[in-house]
Amino acid sequence: LPAGLSQWFPALEVLDVSGTGLTEMGAELLSLPCLHTLLAKNNRLGGPGSLPKGLGQAPLASSLRVLNLSGNRFADVPPVLLRLRGLRSLSLGGNRLHSIPPDIQELRSLEFLYLGGNFITSIPPELAKLPSLKYLVLCDNKIQSIPPQLAQLHSLRSLSLHNNLLTYLPREILNLVHLEELSLRGNPLVVRFVRDLTYNPPSLQELAGRTVKTRNVPYTPSDLPETLVRYLSLASNCPNPKCGGVYFDSCVRQIKFVDFCGKYRLPLMHYLCSPECSSPYSSASQSSTSQSESDSEDEASVAAHRMQKVLLG
Amino acid sequence: FRYTRNLVDSGNGKFNLMILCWGEGHGSSIHDHTDSHCFMKILQGNLKETLFEWPEKKGNGEMTKKSERVLRENQCAYINDSIGLHRVENISHTETAVSLHLYSPPFDTCNTFDQRTGHKHKVTMTFYSQYGERTVC
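Predicted, not measured: the structure shown is a model, and the values here were computed from it.

### Structural notes on the overall build of chain A
Item 1. Secondary structure assignment for chain A yields five helices and 15 strands.
Item 2. Counting every position in chain A, which comprises 313 residues, the buried fraction comes to 47%.
Item 3. Sequence separation of 24 or more characterises 46% of the internal contacts of chain A that already satisfy a separation of 6 or more.

### Quick look at the interface of chain A and chain B
Item 1. Taken residue by residue, the interface counts 29 residues in chain A and 22 residues in chain B.
Item 2. Together chain A and chain B conceal approximately 1900 Å² of surface at their shared face, both sides included; 51% is due to carbon and sulfur atoms.
Item 3. Our count for the contact surface shared by chain A and chain B stands at two salt bridges.
Item 4. With a shortest N-O distance of 3.0 Å, R185 of chain A and E89 of chain B are connected by a salt bridge.
Item 5. Where chain A packs against chain B, one counts 11 residue pairs in polar contact (both at pLDDT 80 or more).
Item 6. Mapped onto the side of chain A that touches chain B, the elements with two or more residues apiece are β14 (264-272) and β15 (309-311) of chain A.
Item 7. Residues that form the side of chain A that touches chain B fall into these classes: nine nonpolar, 11 polar and nine charged.

### So, the UniProt feature "binding site: Fe cation" (unreviewed entry) in chain B
Residues and elements named next belong to chain B.
Item 1. Annotation from UniProt places "binding site: Fe cation" (unreviewed entry) at H31, H33 and H86. With the annotated positions falling across 56 residues, the maximum pairwise C-alpha distance of 9.3 Å places them together in a single cluster.
Item 2. For H33, the position within the fold is in the loop between β3 (30-31) and β4 (37-44).
Item 3. A relative accessible area of 0% means that H33 is categorised as buried.
Item 4. Leave out the neighbours within four places in its chain, and H33 touches C38, I79, D81, H86, Y103 and F107.
Item 5. Within the local environment of H33, its side chain forms a polar contact with the side chain of H31, the two groups lying 3.4 Å apart.
Item 6. Within the secondary structure, H86 is located in strand β8 (residues 85-89).
Item 7. Given a relative accessible area of 2%, H86 falls into the buried group.

### As for the pairing of strand β7 (residues 76-79) of chain B
Residue and element names in this part refer to chain B.
Item 1. The alternating pattern of β7 places A77 and I79 on a buried face, while none of C76 and Y78, on the opposite face, is buried.
Item 2. Bridge count for β4 against β7 is four bridges, and the pairing is antiparallel. Each residue of the ladder has a partner; that of K41, found in β7, is C76.

### Brief notes about the pattern of salt bridges
Residues and elements named next belong to chain A.
Item 1. With the rule as written, the count across this model stands at 10 salt bridges over all chains.
Item 2. Taking the shortest distance from any N to any O, the salt bridge between E226 and R230 comes out at 2.9 Å. Here the residue E226 and the residue R230 both occupy positions in helix α4 (residues 226-233), the gap between them amounting to four residues, near one helical turn.
Item 3. By relative accessible area, E226 is classed as exposed at 59%.

### Observations concerning the nonpolar core
Item 1. Core analysis: the biggest nonpolar cluster contains 59 residues, and M25, L107 and L136 of chain A have the highest contact counts within it.
Item 2. Those residues in contact with M25 of chain A that lie beyond four places of it in its chain are L1, V17, L38, A40, L45, G49, S50, L51, P52 and L69 of chain A.

### Things to note about the sheet that holds strand β12 (residues 129-130) of chain B
Residue and element names in this part refer to chain B.
Item 1. If you trace the seven strands from one edge of the open sheet to the other, you get β7-β4-β9-β2-β1-β12-β13, paired in mixed fashion. Unpaired on one side and paired on the other, β7 and β13 (133-134) mark the two borders of the sheet.
Item 2. Pairing of strand β1 (residues 4-9) with β12 involves two bridges; the strand directions are parallel. Pairing of N6 across the sheet is with S129, part of β12.

### Quick look at helix α3 (residues 204-214) of chain A
Residues and elements named next belong to chain A.
Item 1. Buried residues of α3: E206, G209 and R210, and no others. End-on, the buried residues of α3 take up no more than an arc of 100°, which puts them together on one face.
Item 2. Buried residues in α3 make contact with α4 and β12 (246-247).

### Description of the packing of aromatic side chains
Item 1. In the structure shown here, the tally under the stated rule is six aromatic pairs over all chains.
Item 2. When the centroid spacing of 4.7 Å and the interplanar angle of 65° are considered together, the rings of F112 of chain A and Y135 of chain A count as edge-to-face. Separated by 23 residues along the polypeptide, F112 of chain A in strand β5 (residues 112-114) and Y135 of chain A in strand β6 (residues 135-137) bring together distant segments of the chain.
Item 3. Residue classification places Y135 of chain A among the buried positions, given a relative accessible area of 8%.
Item 4. When the ring of Y103 of chain B is compared with that of F107 of chain B, the centres are 5.0 Å apart and the planes differ by 70°; the resulting orientation is edge-to-face. Just as Y103 of chain B is buried, F107 of chain B falls in that class too.
Item 5. Seen from the ring of Y3 of chain B, R2 of chain B lies directly overhead, with NZ or CZ sitting 5.3 Å from the centre.
Item 6. Looking at R134 of chain B, its charged tip hangs above the ring of Y128 of chain B, at a distance of 3.7 Å from the centre.

### Side note on the environment of L39 of chain A
All names here are of chain A.
Item 1. By the secondary structure assignment, L39 is in strand β2 (residues 37-39).
Item 2. For L39, a relative accessible area of 23% puts it in the partly exposed group.
Item 3. Apart from the residues within four sequence positions on either side, L39 is in contact with L15, D16, V17, S18, V66 and N68.

Rules and cut-offs
- Per chain, residue numbering runs from 1 following the sequence as it is written.
- Lettering of chains starts at A and numbering of ligands starts at 1, both following the order in which they are written.
- Two thresholds apply to this predicted model, a pLDDT of at least 70 for residue-level local features and 80 or more for giving and counting side-chain atom pairs, whereas whole-chain, interface and lining totals are computed over all residues.
- For the side-chain quantities, the full set of heavy atoms in the structure was used; hydrogens and water were omitted.
- The secondary structure listing takes helices from DSSP runs of H or I that are at least 4 residues long and strands from runs of E that are at least 2 residues long, numbered from the N terminus.
- In this scheme, a residue with accessible area under 20% of its type's maximum is buried, one over 50% is exposed, and one in between is partly exposed, where area comes from a 1.4 Å probe on protein chains only.
- Contacts between residues were defined by any pair of non-hydrogen atoms, one from each residue, lying within 4.5 Å.
- Accessible-area loss on putting two parts together, using a 1.4 Å probe and summing over both, is the definition of buried area adopted here.
- A pairing counts as a salt bridge when a side-chain nitrogen of Lys or Arg comes within 4 Å of a carboxyl oxygen of Asp or Glu.
- Here a polar contact is taken to be a pair of N or O atoms separated by no more than 3.5 Å, where protein atoms must pair a possible hydrogen donor with a possible acceptor and residues adjacent in sequence count only if both atoms sit in side chains.
- Classification convention: Asp, Glu, Lys, Arg as charged; Ala, Val, Leu, Ile, Met, Phe, Trp, Tyr, Cys, Pro as nonpolar; all other residues, Gly among them, as polar.
- UniProt positions are given in the numbering used here, feature names are shortened, and annotations may be inferred rather than shown by experiment.
- Paired strands, as defined in this entry, are two strands with at least two bridges between them according to DSSP.
- Put simply, a nonpolar core is a bunch of buried Ala, Val, Leu, Ile, Met, Phe, Trp, Tyr and Cys residues held in one set by side-chain atoms that sit within 4.5 Å of each other.
- To be clear, the arc concerns the directions from the helix axis to the C-beta atoms.
- Note on ring pairs: Phe, Tyr and Trp rings are taken, using the six-membered ring of Trp, and paired if centres are within 6.5 Å. Classes follow the plane angle, with under 30 degrees stacked, over 60 edge-to-face and the rest tilted.
- Geometrically, a charge over a ring is one whose NZ (Lys) or CZ (Arg) sits within 6 Å of the ring centre while staying within 35 degrees of the ring normal.

If you want it as structure tokens, here you go:
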């Protein structure tokens, strides 16, 4: 960037340097107090010096709203980028990212995040801490699973997951009440019902913990070592509404199919307290296929209210 | 947050002329064309068209891809139900795309297909805008 930029154009609000072969953007940016949109796509950015060092302290840190760095060579997200507290829209599509830094949660104002076309293999649960995120694009990556915490993205309207390596989704995805669009095509989603994927039998500690919780055995912090008090506080409730069970570390991972909008059957991963605890409608001896049918009907009515448009394609 | 369909002209009921605006990564489902002619011209950017065979009557397997191509600016394409089904996508993560579509006779419902199973589902198509005015629904 030319050195005199902020002197010639002190009132600059939008700067588009896309397709110019830029390899770095330096301090010339820092003294543009009115800059809210910076478009630098299709360049050769990605190495050191791609973004100026003092970015976190500059007025730009709170005034920049839109940053487009798609089509560059970023192999990781520069830490200084995460200091842009006012950023509403960030695009890093078509770069060389292998992961998303957990500190992405610092971009508190982010509403639009485009990370399609990278080499991302997993999503950090911290991504779910972005309170204003409305539009999340993760298509064309190598993602194998979605953390259930993503269901905490209460503002999420649109989620793009197509062309990844997903075999199932966490059932918590049903909690995204504002989600209007979901793209899932091009994932090796499990088509057939898969029963009881894994079950590690519970330890004695787990069994004792479950009994304390389900029988409401009273205890105070002075009764138990601190580690056990903490352990007992980590109990998860079995999602089966007819089972009052809890579990700590040992649970059954089971795939259930849910009909969305009466159209598509999606495999959702359920964590249940035991293999016997499977569905409100089942009995222990039921076959797996009939079980999946009745489960789907039950969940379908819940899902149909929650999700409006599913783009499986 | 998905591609928009913007009606430009309804040709006295004989055709629909519309402009589709595709954001980065936006794609359509696999769909048919309800016995109509469909012409498409790329006005800006590039769109990938993947052709599929019609699934078997009791389709229960992955749909068969016939061919795929990337249509460049100013290129035209044509399809109708006897040719097959297609999916149209903007596969760019950096550029948007704009296409002009002519359907004759006009239609507002079509079938979308699940690529994994061949199951079809009838859908009603909606417009984001008509004659420059945002369609609220």
